[in-house]
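# A look at the structure
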Amino acid sequence: MASKKDYFGMSYIVSVILAIIPITSLILGILTRFSEGKIVAGLLRLLLGWNIIWILDIVFMVLNRRIIRIINI
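So, here is what we can say about the structure in this document. (Residues numbered from 1 in each chain as written. Predicted model: local features only at pLDDT ≥ 70, side-chain atom pairs only at ≥ 80, totals over all residues. Heavy atoms only, no water.)

### Quick word on the overall build of the protein
Regarding its fold elements, the protein presents five helices and zero strands. Each helix and strand of the protein, ordered N terminal to C terminal, gives the series α-α-α-α-α. Across its three principal axes, the protein shows a C-alpha extent of roughly 30 × 25 × 15 Å. A burial count over the protein gives 30% of its 73 residues as buried. Counting contacts in the protein only where the partners sit at least 6 residues apart, residues at least 24 apart contribute 54% of the total. When the accessible surface of the protein is split by element, carbon and sulfur atoms take 75% of a total near 4,700 Å². (Helix = DSSP H or I, 4+ residues; strand = E, 2+ residues; numbered from the N terminus. Buried < 20%, exposed > 50% of the residue type's maximum accessible area, 1.4 Å probe, protein only. Contact = heavy atoms within 4.5 Å. Areas by Shrake-Rupley, 256 points an atom, 1.4 Å probe, with all protein chains shown as cover.)

In structure tokens form, the structure reads like this:
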């Protein structure tokens, strides 16, 4: 069973590197949520996603291999 990868199906190592870089993490996190059809989650990342969500994205990417999903709307 293949696991779903974040950041548009990129490999785990590339996704972790992109999650560490703040601006790419912000942009790709917003685009990922919009591409999943989660408009509210994408807008929240756009408005609030600079510091806390960036750090949580790094932690979740290393531990769960997925970015954090705070809201599923």
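### Re unusual backbone geometry
For Phe 8, which is not a glycine, the phi torsion comes out positive at approximately 65°. Its location among the elements puts Phe 8 in helix α1 (residues 6-9). The phi torsion at Arg 65 lies on the positive side, around 60°, for a residue other than glycine. Relative to the helices and strands, Arg 65 is located in the segment after α5 (52-64).

### Side note on the nonpolar core
Core analysis: the largest hydrophobic core is formed by seven residues, namely Tyr 7, Val 16, Leu 18, Ala 19, Leu 28, Met 61 and Ile 67. At three residues, the largest contribution of residues to this core is made by helix α2 (residues 12-20). (Core = buried A, V, L, I, M, F, W, Y, C linked by side-chain atoms within 4.5 Å.)

### A closer look at the packing of α2 against α5
Contact pair α2 / α5: the axes reach a minimum separation of 9 Å and the direction vectors enclose 160°. Here α2 lies roughly antiparallel to α5, going by the angle between them. Two packed elements cross with a definite hand, and for α2 against α5 that hand is left-handed. Judged by residue contacts, Tyr 12, Ser 15, Val 16, Ala 19 and Ile 20 of α2 engage Trp 54, Ile 58, Met 61 and Val 62 from α5. (Axes fitted to C-alpha atoms, helices over the stretch in contact; angles between N-to-C directions. Parallel < 35°, antiparallel > 145°, perpendicular 65-115°, else oblique. Left-handed = near helix turned anticlockwise from the far one by under 90°.)

### What about a nonpolar patch on the surface?
There is a patch of nonpolar side chains on the surface, built from Phe 8, Ile 13, Ile 17, Ile 20, Ile 21, Ile 23, Ile 27, Leu 31 and Trp 50 and spanning about 870 Å² of accessible area. A relative accessible area of 45% means that Ile 20 is categorised as partly exposed. (Patch = residues over 30% accessible without salt bridge, like charges linked within 9 Å, V, L, I, M, F, W, Y side chains within 5 Å. Salt bridge = Lys/Arg side-chain N within 4 Å of Asp/Glu carboxyl O.)

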